[in-house]
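# Topology and contacts: notes
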Amino acid sequence: EVYFANYFTNCGGGDYVGSYNDAVDIKKFRLSLLENNLSPRRINFIITVLQIMLNHAVDCEYIAKSPITKGIKSLETENNREAFTLDELKEIFSKNWKNETSKLICLTAAITGLRISECTGLQPEQIKNGYLDIDRQFYNGKLCHPKGDNRFVTIPEKLEKKLKEVSTGKLFVFTPKGNGTDNFPQCYLRRNLKSSFSEQMKCQAKDRRLTFHSFRYFFNTYLISNNINEEKVNFIIGHSSGKNSMMKLYTTWKPSHYEDVRRLQNQLCDIFKVED
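Worth saying up front: this structure is predicted, and the values here are computed from it rather than measured. (Residues numbered from 1 in each chain as written. Predicted model: local features only at pLDDT ≥ 70, side-chain atom pairs only at ≥ 80, totals over all residues. Heavy atoms only, no water.)

### Topic: the overall build of the protein chain
Which entries qualify depends on this criterion: What counts as a helix is a DSSP run of H or I of at least four residues, what counts as a strand is a run of E of at least two, and both are numbered from the N terminus. Relative accessibility decides the category of a residue: with a 1.4 Å probe and only protein chains considered, values under 20% of the type maximum give buried, values over 50% give exposed, and everything between is partly exposed. Every residue pair with non-hydrogen atoms within 4.5 Å of one another is taken to be in contact. Each accessible area value is a Shrake-Rupley result obtained with a 1.4 Å probe; residue values ignore everything except the protein chains displayed when judging cover.
Tallying secondary structure elements over the protein chain gives 13 helices and 4 strands in all. Expressed as a percentage of its 276 residues, the buried residues of the protein chain come to 41%. The long-range fraction of contacts in the protein chain, counting pairs at least 24 apart against all pairs at least 6 apart in sequence, stands at 62%. Summed over all atoms, the accessible surface of the protein chain reaches about 15,700 Å², with 49% contributed by carbon and sulfur.

Shown next as structure tokens:
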């Protein structure tokens, strides 16, 4: 922090880094990143990391103040990630996958909207009768609290049965072949998913930003388009609609309130040909 703070605020040098002492200079620095064709999303990330480092340098009294102020707003980003379409998923899940565990993880994500970290961190004791207890995720190489509040996610009977079968005697529900203690590698899962894409999807993947996270977009879209209450969707997906909103403060959701969601999940099991 000492080296970086002194270098950034006083010394200068490098393609981007110079002597930046106030908000105007930070904006010039950000402009230089734009001129070098970095995306707004990437630049916002760089500025955020920079802000954390400089604030720590201030706390340690290495520098008097940070040149990044509250007046520097994030650049607007275009969130152009698209959901998988129902037809695309029907095609993906109709294929024979080289790795069946990857296919089951992707099916689980499409039918529940779980994040990749929640899927790979899923443990047998989280599988309840009719729902999953999402109270952990596998992130940065360890199990930790999930993003946002703990929640439950309903699961259809066919999927519940499959998850219980594959997780018997294991530490994690999804594990590499012949391994009952390690969870399934996320990088391997992403590669297997991409290999299941049609040629058309492979051509579109970059522009549409099709990734594992697109399963969440699909599930969210599927629920909303089938007239599921938005607050219920926010809860089951794990999106916050405002911590202190009246709906959040005065509503207690239970799995029994989600029979309408479970009916749609059963529908998806039939569409994707999930067998008993």
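Here the narrative resumes.
### Quick look at the packing of aromatic side chains
Under the convention used in this document: For Phe, Tyr and Trp, where Trp contributes only its six-membered ring, two rings pair if their centres lie within 6.5 Å, and the inter-plane angle classes them as stacked under 30 degrees, edge-to-face over 60, or tilted in between. Only when the NZ of Lys or the CZ of Arg is both within 6 Å of the ring centre and within 35 degrees of the ring normal is a charge said to sit over the ring.
Going through the model one piece at a time under the given rule, you end up with 13 aromatic pairs. Note on Phe84 and Phe197: the rings are 6.0 Å apart at their centroids and 70° apart in plane angle, and the pair reads as edge-to-face. Here Phe197 lies in the loop between α8 (186-195) and α9 (199-208) and Phe84 lies in the loop between α3 (40-59) and α4 (86-94), a separation of 113 residues in the sequence. For Phe84, a relative accessible area of 3% puts it in the buried group. The residue whose ring lies beneath Lys232 is Tyr258, and the NZ or CZ to ring-centre distance is 5.0 Å.

### Topic: the side chain of Gln123
We apply this condition: In protein, a polar contact means a hydrogen-donor-capable atom and an acceptor-capable atom, both N or O and within 3.5 Å, with residues adjacent in sequence counting only if both atoms are side-chain atoms; elsewhere, any N or O pair within 3.5 Å suffices.
With respect to the helices, strands and loops of the structure, Gln123 is situated in the loop between α6 (116-120) and β1 (131-134). Residue class for Gln123 comes out buried when judged on its relative accessible area of 6%. In terms of polar contacts, Gln123 uses its side chain to reach the backbone carbonyl oxygen of Leu171, at 3.2 Å. Residues within four places of Gln123 in sequence aside, it is in contact with Arg136, Leu143, Leu171, Phe172 and Val173.

### Considering helix α7 (residues 157-167)
For the record, the criterion: Working note: the arc is built from the helix axis to C-beta atom directions.
Considered for burial, the residues of α7 that qualify are Leu159, Glu160, Leu163 and Ser167. The arc that holds every buried residue of α7, seen down its axis, measures 100°, which confines them to one face. Taken together, the buried residues of α7 touch α5 (100-112) and β1. Gly169, located one to two residues past α7, shows a positive phi value of around 75°.

### Some words on unusual backbone geometry
The phi dihedral of Asn140 falls on the positive side, at around 55°, and the residue is not glycine. Although it is not a glycine, Arg209 adopts a positive phi angle of roughly 55°. Along the polypeptide, Arg209 turns up in the loop between α9 and α10 (214-225).

### Points about the pairing of β1
The condition is simple: Pairing between strands requires that DSSP locate at least two bridges from one strand to the other.
Of the two faces of β1, the one lined by Leu132 and Ile134 is fully buried and the one lined by Tyr131 and Asp133 carries no buried residue. Examined bridge by bridge, β1 and strand β4 (residues 151-154) share 4 bridges and lie antiparallel to one another. Residue pairing for β4: Ile134 is matched across the bridge by Arg151.

### Brief notes about the pattern of salt bridges
What counts here: We define a salt bridge as a contact between a side-chain nitrogen of Lys or Arg and a carboxyl oxygen of Asp or Glu at a distance within 4 Å.
Across all of its chains, the model carries 12 salt bridges by this definition. Of the charged contacts in the structure, one is a salt bridge between Arg208 and Glu82, with a shortest N-O distance of 2.9 Å. With a gap of 126 residues between them, Arg208 in helix α9 and Glu82 in the loop between α3 and α4 connect regions that are remote in the sequence. Linking Glu199 and Lys202 is a salt bridge whose minimum nitrogen-to-oxygen distance equals 3.6 Å. With a gap of 3 residues between them, Glu199 and Lys202 both fall in helix α9, about one helical turn apart.

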